[in-house]
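So the chains spell out like this:
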Amino acid sequence: MRVGIGYDIHRLVEGRKLILGGVDIAHPKGLLGHSDADVLLHALMDAMLGAAAVGDIGQHFPDNDPQYKNISSLALLEKTCQLLKAEGFSLQQADTIIIAEKPKLASYIPQMKANISNILKLDISKLNIKATTHEGVGSIGKGEAIAAQAVAVLAKI
């Protein structure tokens, strides 16, 4: 068994969609980034790549590469899954948390879980997504950013 952790944070800006877990979230601002800036999937991918000791998402999907401009992070998750399979690993379990002052995310979590488990071919019971606020503290608490953390457990195939 291998364990990895991941973290990501992006600023909220006007003129962008808010995408989390591959779900379009109703919100007046979205996350700024080269791709769709899905912090949940970015944290999860970093946790998976870290557990396999094969780098990070910046190494595999650089933010200066035009092929990744505005790409769906679900597509990047699929590529990450293929990379791990080629390295002889499979995801066994993942625990994640989204840190956002707003919007409330509970009603979106079932679709996020479905999106992720479908791509990873992971039983939905082995994937956890939580959401919390930052209690008004810092850039997240002021509604200027959203962050996510993830832990991934891999096994050799």
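Report follows, based on the coordinates. Only a predicted model underlies this, so the values are computations on that prediction, with no experimental measurement involved. Here the residue index of a chain counts from 1 through its sequence in written order. A pLDDT threshold of at least 70 governs which residues receive local features in this predicted model, and a stricter bar of 80 or more applies before side-chain atom pairs are shown or counted, although totals over entire chains, interfaces and linings include all residues. Heavy atoms throughout the structure, all of them, feed into the side-chain values; hydrogens and water do not.

Attention now moves to a nonpolar patch on the surface. Here a patch means residues that are over 30% exposed by relative accessible area and free of salt bridges, tied together within 9 Å if like-charged and within 5 Å if nonpolar (Val, Leu, Ile, Met, Phe, Trp, Tyr). Using a 1.4 Å probe, accessible areas were evaluated by the Shrake-Rupley method; residue-level cover was limited to the displayed protein chains. The term salt bridge refers to a pairing of a side-chain nitrogen on Lys or Arg with a carboxyl oxygen on Asp or Glu at a separation within 4 Å. On the surface, a nonpolar cluster with roughly 290 Å² of combined accessible area is contributed by Val 3, Ile 5 and Val 151. When a residue's accessible area, from a 1.4 Å probe over protein chains only, is under 20% of the maximum for its type it is buried; when over 50% it is exposed; and in between it is partly exposed. On the basis of relative accessible area, Val 3 is assigned to the exposed category, the value being 57%.

Moving on, we come to the pairing of strand E1 (residues 2–13). Moving residue by residue along a regular strand, the side chains alternate between the two faces of the sheet. By this definition, two strands are paired if DSSP reports at least two bridges between them. Counting from the N terminus, the helices are DSSP H or I runs at least four residues long and the strands are E runs at least two residues long. Both E1 and strand E7 (residues 145–156) contribute to a ladder of 10 bridges, which runs antiparallel. The residue bridging Arg 11 from the neighbouring strand is Ala 145, located in E7. When E1 meets strand E4 (residues 30–31), the two strands line up antiparallel, connected through two bridges. Following the sheet pairing, Val 13 is matched in E4 by Gly 30.

Attention now moves to the packing of helix H3 (residues 73–86) against helix H4 (residues 109–120). Helix-helix packing is described using two parameters, namely the angle between the two axes and the distance between the axes. In this analysis, axes come from line fits to C-alpha atoms, helices being fitted only over the stretch in contact, and the angle between any two N-to-C directions falls in the range 0 to 180 degrees. Here H3 crosses H4 at 35°, and the two axes come no closer than 9 Å. Two packed elements cross with a definite hand, and for H3 against H4 that hand is right-handed. Between H3 and H4, the residues in contact are Leu 74, Leu 77, Glu 78 and Cys 81 and Asn 115, Ile 116, Ile 119 and Leu 120, respectively. By the convention adopted, Pro, Cys, Tyr, Trp, Phe, Met, Ile, Leu, Val and Ala count as nonpolar, Lys, Arg, Asp and Glu as charged, and the other residues, Gly among them, as polar. Residues of the contact of H3 with H4, tallied by class, amount to six nonpolar, one polar and one charged. Should the near helix be turned anticlockwise from the far one by less than a right angle, the crossing is left-handed, and should it be turned clockwise, the crossing is right-handed. Only heavy atoms enter the contact rule, under which two residues are in contact if any of them lie within 4.5 Å.

In plain words, nonpolar cores are sets of buried Ala, Val, Leu, Ile, Met, Phe, Trp, Tyr and Cys residues tied together by side-chain atoms within 4.5 Å. Leu 20, Leu 77, Ile 98, Met 112, Ile 116 and Ile 146 are the most contacted members of the largest nonpolar core, which has 46 residues in total. Looking at this core, the elements with two or more residues in it are strand E2 (18–20), strand E3 (23–25), helix H1 (39–52), H3, strand E5 (89–99), H4, strand E6 (127–132) and E7. The leading source of residues in this core is H1, at 11 residues. What Leu 77 contacts, discounting residues up to four positions off in sequence, is Leu 41, Leu 44, Met 45, Met 48, Ile 116, Ile 119 and Leu 120.

The peptide bond linking Lys 102 to Pro 103 adopts the cis configuration, its omega dihedral lying at -5°. Positive phi, normally seen in glycine, also occurs at Ala 53, with a value near 60°. Inspection of the secondary structure assignment puts Ala 53 in the loop between H1 and helix H2 (57–60). The phi dihedral of Lys 121 is positive, around 55°, even though this residue is not glycine.

Strand order in the open sheet formed by five strands is E4-E1-E7-E5-E6, with mixed pairing between adjacent strands. For this open sheet the edge positions go to E4 and E6, each flanked by a neighbour on one side alone. Note: E5 against E6, six bridges, orientation parallel. Each residue of the ladder has a partner; that of Ile 99, found in E6, is Thr 132. Packed on one face of the sheet, H1 meets E1, E4, E5, E6 and E7 and runs near 155° to E1. Strands E5 and E6 of the sheet are contacted by H4, whose axis makes an angle of about 145° with E6.

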